[in-house]
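Spelled out from the first residue to the last, the chains are:
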Amino acid sequence: MRLFAAVSPPPEVVAELAAAVDPLHSLPGAEHLRWTEPRTWHFTLAFLGEVDEALLPELTERLARAAHRHPPHELRFAGGGRFGDRILWVGADGERTVLRDLARSTAAGARRAGVAVDSTHDFRAHLTLARATDPVHLRPYAEGLADFAGTPWTVDRLELVRSVLPASGIRGERPRYETVAAWGLGH
């Protein structure tokens, strides 16, 4: 199964961010962006890729330990950015160090469980809003979110999420996310 570890924001801050993102849909080139759906928004702490189900018991045990080692902490969505002209994202403000440490513990626990964690990039707290399907200059989009500062919320749960890839072959269909397990932070 294809898995990742994440933290998910509460519905009220998702709605607030969605309202801030909505005007970006009218910018030139927006039709060349594949926008993520607010109901799927999350901060990926570790992308685990394809994981053998036989590893799941030890993986969940290790992730539970990681969650218990880190306290609940406060974040808020803040500012916009881009990775080149391919990915538009919103950042985080608040106790990012705690989130980074949780991400590191999560990845380390997964590795100890025998999962080959994608470690090509250092953790950077961001939530992907859109991906370019054709060349689009994303600078105006990122600038449109530069001053955004959302309502603070408490990160209090680590989730192990399964990404079910579309099988229909229909263009534009997105993966479906299912929470496999979740743990309260600091418990």
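The structure displayed is predicted, hence computed values, not measured ones. (Residues numbered from 1 in each chain as written. Predicted model: local features only at pLDDT ≥ 70, side-chain atom pairs only at ≥ 80, totals over all residues. Heavy atoms only, no water.)

Novice: Would you mind showing me how to read the sheet that holds strand β6 (residues 126-132) here?
Specialist: The strands that make up a sheet pair up through hydrogen bonds in the backbone, lying either parallel or antiparallel. Spatial strand order, β2-β6-β5-β4-β7: five strands in an open sheet with antiparallel pairing. Edge positions in the open sheet fall to β2 (33-35) and β7 (153-155), since each of these has one partner strand only. Between one strand and the next, the sheet's axes are offset by a mean angle of 40°, whatever the strand orientation. Of the pairings in the sheet, the one linking strand β4 (residues 73-83) to β7 comprises three bridges and is antiparallel in character. When the sheet's bridge partners are listed, E74 is paired in β7 with T154. Where helix α3 (residues 96-112) meets the sheet, it contacts β4 and β5 (87-94), and its direction lies at approximately 80° from that of β4. (Pairing = 2+ DSSP bridges. Helix = DSSP H or I, 4+ residues; strand = E, 2+ residues; numbered from the N terminus. Axes fitted to C-alpha atoms, helices over the stretch in contact; angles between N-to-C directions. Contact = heavy atoms within 4.5 Å.)

Novice: Sorry, what's going on with the environment of G94 here?
Specialist: For G94, the location among the structural elements is in strand β5. Sequence-wise, G94 and P152 are 58 residues apart; in three dimensions their C-alpha atoms are separated by 8.0 Å. Apart from residues no more than four positions distant in its own chain, G94 is found in contact with E74 and L75.

Novice: What am I meant to see in the side chain of H70 here?
Specialist: You can see H70 is positioned in the loop between α2 (56-69) and β4. Apart from residues lying up to four places away in sequence, H70 is in contact with D101, L102, S105, L185 and G186.

Novice: Please explain the nonpolar core as it appears in this structure.
Specialist: Most often, soluble globular proteins keep nonpolar side chains buried together rather than apart. L48 and L59 are the most contacted members of the largest nonpolar core, which totals 54 residues. Not counting the four nearest positions on each side in its chain, L59 is found in contact with L3, L48, V51, A110, A113, V115 and L160. (Core = buried A, V, L, I, M, F, W, Y, C linked by side-chain atoms within 4.5 Å. Buried < 20%, exposed > 50% of the residue type's maximum accessible area, 1.4 Å probe, protein only.)

Novice: What should I look at first to understand the sheet that holds strand β9 (residues 176-184) in this one?
Specialist: As summarised here, the arrangement of the four strands in space is β3-β1-β8-β9, forming an open sheet in which the pairing is antiparallel. Sheet topology places β3 (43-50) and β9 at the edges, where each strand pairs with a single neighbour. Ignoring which end each strand starts from, the neighbouring axes of this sheet average 20° apart. Relative to β3, strand β1 (residues 2-7) runs antiparallel, the two sharing six bridges. By the bridge assignment for β3, V7 is matched with F43. Sheet strands in contact with α2 are β1, β3, β8 (157-164) and β9, and its direction is about 55° off that of β9. Strands β1, β3 and β8 of the sheet are contacted by α3, whose axis makes an angle of about 15° with β3.

Novice: Got a minute to help me understand the environment of G29 in this structure?
Specialist: For G29, the position within the fold is in the loop between α1 (11-21) and β2. Taking C-alpha positions, G29 is 8.9 Å from D134, a pair spaced 105 residues apart along the chain. Excluding its chain neighbours within four sequence positions, the residues that come into contact with G29 are V136 and Y141.

Novice: Quick question: what am I supposed to make of the packing of aromatic side chains here?
Specialist: The geometry of an aromatic ring pair is captured by the separation of the ring centres together with the interplanar angle, meaning the angle of the planes. The final tally for this structure, using the stated rule, is six aromatic pairs. Judged by centre distance (6.5 Å) and plane angle (10°), the rings of F43 and W153 are stacked. Here F43, found in strand β3, pairs with W153, found in strand β7; they are 110 residues apart in sequence, far enough to count as distant. Under the relative-accessibility criterion, F43 is labelled buried at 1%. According to the relative accessible area criterion, W153 is buried, its value standing at 5%. By the ring-pair criterion, three or more aromatic residues cluster together here, those being F43, F77 and W153. (Phe/Tyr/Trp six-rings, centres within 6.5 Å; stacked < 30°, edge-to-face > 60°.)

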